[in-house]
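Analysis of the macromolecular model
Read off the chains here:
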Amino acid sequence: PVKYAIIRTSYWFISKISGLKLRFGQSDFRLLDKKVLKVIVDIPEYHKFLRGQTEWVGFKQAGLSYDVAKRHSGEAKYTYAKLAGLALNGIFAFSRYPLHVIMMMGLAISLISFLYIACVFLIWFLKIAGILHIPMPPGWTALIMAIVLLGSLQLVGIGILGEYVGRVYDQAKGRPVFIVRESSE
């Protein structure tokens, strides 16, 4: 029950962030037309996520429901760690969402950092004007502003770099820009 909930959640999450329409219960055991098989085999990806690739290529699919027989002996070899690896493979193969999250976090932290810098600057100004009497160590304002500013700029830079790496990764997968389903020749 717990394992199926994790699997179902993984399929839902991968579908949401990748745009694929994965359904619970899919497996890599399937029949493929020669044309579909050729397209999938011709994609020079190293870490193939077959469940996603068969959906991504866009050919018509039909699912066959069946009752899974109870295991006669032994135990399932697919551990939670292997399930997590499969889910991560699906996410990384079909989505740059994690890179977008890092970028958005960097931008959000930058915004908060600039607001914090403005508050620190205001406190410093009010202290200089004699309105506010908060004891602060000498150099504290400059140190905090430098740390916060440089840290937030680094996060934004990492996010931008991640976007470029994601685009290079998409290109390096070698997936075709389009797939010809039928030809009149």
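Residues numbered from 1 in each chain as written. Predicted model: local features only at pLDDT ≥ 70, side-chain atom pairs only at ≥ 80, totals over all residues. Heavy atoms only, no water.

Overview of helix α4 (residues 80–94)
- Compared with the 21 Å implied by 1.5 Å per residue over 15 residues, the 21 Å span of α4 between its first and last C-alpha is a close match.
- Looking at the buried side of α4, the elements it contacts are α1 (2–18), α3 (50–56), α5 (97–128) and α6 (140–172). (Helix = DSSP H or I, 4+ residues; strand = E, 2+ residues; numbered from the N terminus. Expected span 1.5 Å × (residues − 1). Contact = heavy atoms within 4.5 Å.)

Quick notes on the environment of Tyr-78
- As for its position among the elements, Tyr-78 is in the loop between α3 and α4.
- The contacts of Tyr-78, once residues within four sequence positions are left out, are Lys-3, Leu-83 and Leu-86.

As for the pattern of salt bridges
- Under the criterion given, the structure shown has one salt bridge.
- For the salt bridge of Lys-38 with Asp-42, the shortest nitrogen-to-oxygen distance reads 2.6 Å. With a gap of four residues between them, Lys-38 and Asp-42 both fall in helix α2 (residues 34–42), about one helical turn apart.
- Looking at Lys-38, the relative accessible area reads 51%, which means it is exposed.
- Owing to a relative accessible area of 47%, Asp-42 belongs among the partly exposed residues under this scheme. (Salt bridge = Lys/Arg side-chain N within 4 Å of Asp/Glu carboxyl O. Buried < 20%, exposed > 50% of the residue type's maximum accessible area, 1.4 Å probe, protein only.)

Looking at the packing of α5 against α6
- Look at α5 against α6: their axes get within 8 Å of each other, and the N-to-C directions meet at 165 degrees. It follows from the interaxial angle that α5 and α6 lie roughly antiparallel. Note on packing geometry: the crossing formed by α5 with α6 is left-handed.
- Of the residues assigned to the contact of α5 with α6, the class counts are 20 nonpolar, nine polar and one charged. (Axes fitted to C-alpha atoms, helices over the stretch in contact; angles between N-to-C directions. Parallel < 35°, antiparallel > 145°, perpendicular 65-115°, else oblique. Left-handed = near helix turned anticlockwise from the far one by under 90°. Nonpolar A, V, L, I, M, F, W, Y, C, P; charged D, E, K, R; others polar.)

Description of α2
- Listed in full, the buried residues belonging to α2 are Val-36, Val-39 and Ile-40. Down the axis of α2, the smallest arc covering the buried residues is 95 degrees, so these residues share one side. Of the exposed residues in α2, those oriented more than 90 degrees away from the buried face are Lys-34, Lys-38 and Val-41.
- Two or three places before Lys-35, at the opening of α2, Asp-33 has a side-chain oxygen 3.0 Å from that residue's backbone nitrogen. (Arc of directions from axis to C-beta. Polar contact = N/O pair within 3.5 Å; in protein donor to acceptor, adjacent residues only side chain to side chain.)

Points about the nonpolar core
- Within the largest apolar cluster, 13 residues are counted, with the highest numbers of intra-cluster contacts made by Ile-14, Leu-22, Phe-49 and Phe-94.
- Of all elements in the fold, only α1 and α4 reach the threshold of two or more residues within this core.
- Of the residues forming this core, the biggest block, six residues, is contributed by α4.
- Sequence-distant contacts of Phe-49, defined by excluding residues within four places in its chain, comprise Ile-14, Leu-22, Leu-86, Asn-89, Gly-90, Ala-93 and Phe-94.
- Core analysis: the next-biggest nonpolar cluster, separate from the first, contains five residues, Val-36, Val-39, Ile-40 and Val-57 among them. (Core = buried A, V, L, I, M, F, W, Y, C linked by side-chain atoms within 4.5 Å.)

Observations concerning the packing of α1 against α4
- Two elements in contact, α1 and α4, have axes separated by 9 Å at closest approach and are oriented at 10 degrees. The angle between the axes of α1 and α4 places the two elements in the roughly parallel class. When α1 is examined against α4, the residues Val-2, Lys-3, Ile-6, Ile-7, Ser-10, Phe-13, Ile-14, Ile-17 and Ser-18 are found in contact with a partner set consisting of Tyr-80, Leu-83, Ala-87, Gly-90, Ile-91 and Phe-94.
- Of the residues assigned to the contact of α1 with α4, the class counts are 11 nonpolar, three polar and one charged.

Regarding the packing of aromatic side chains
- In total, this model carries two aromatic pairs according to the counting rule given.
- Plain terms: the ring middles of Phe-13 and Tyr-97 are 6.3 Å apart, the flat faces sit at 80 degrees to each other, and that makes the pair edge-to-face. With Phe-13 in helix α1 and Tyr-97 in helix α5, the pair connects residues that are 84 residues apart, well separated along the chain. (Phe/Tyr/Trp six-rings, centres within 6.5 Å; stacked < 30°, edge-to-face > 60°.)

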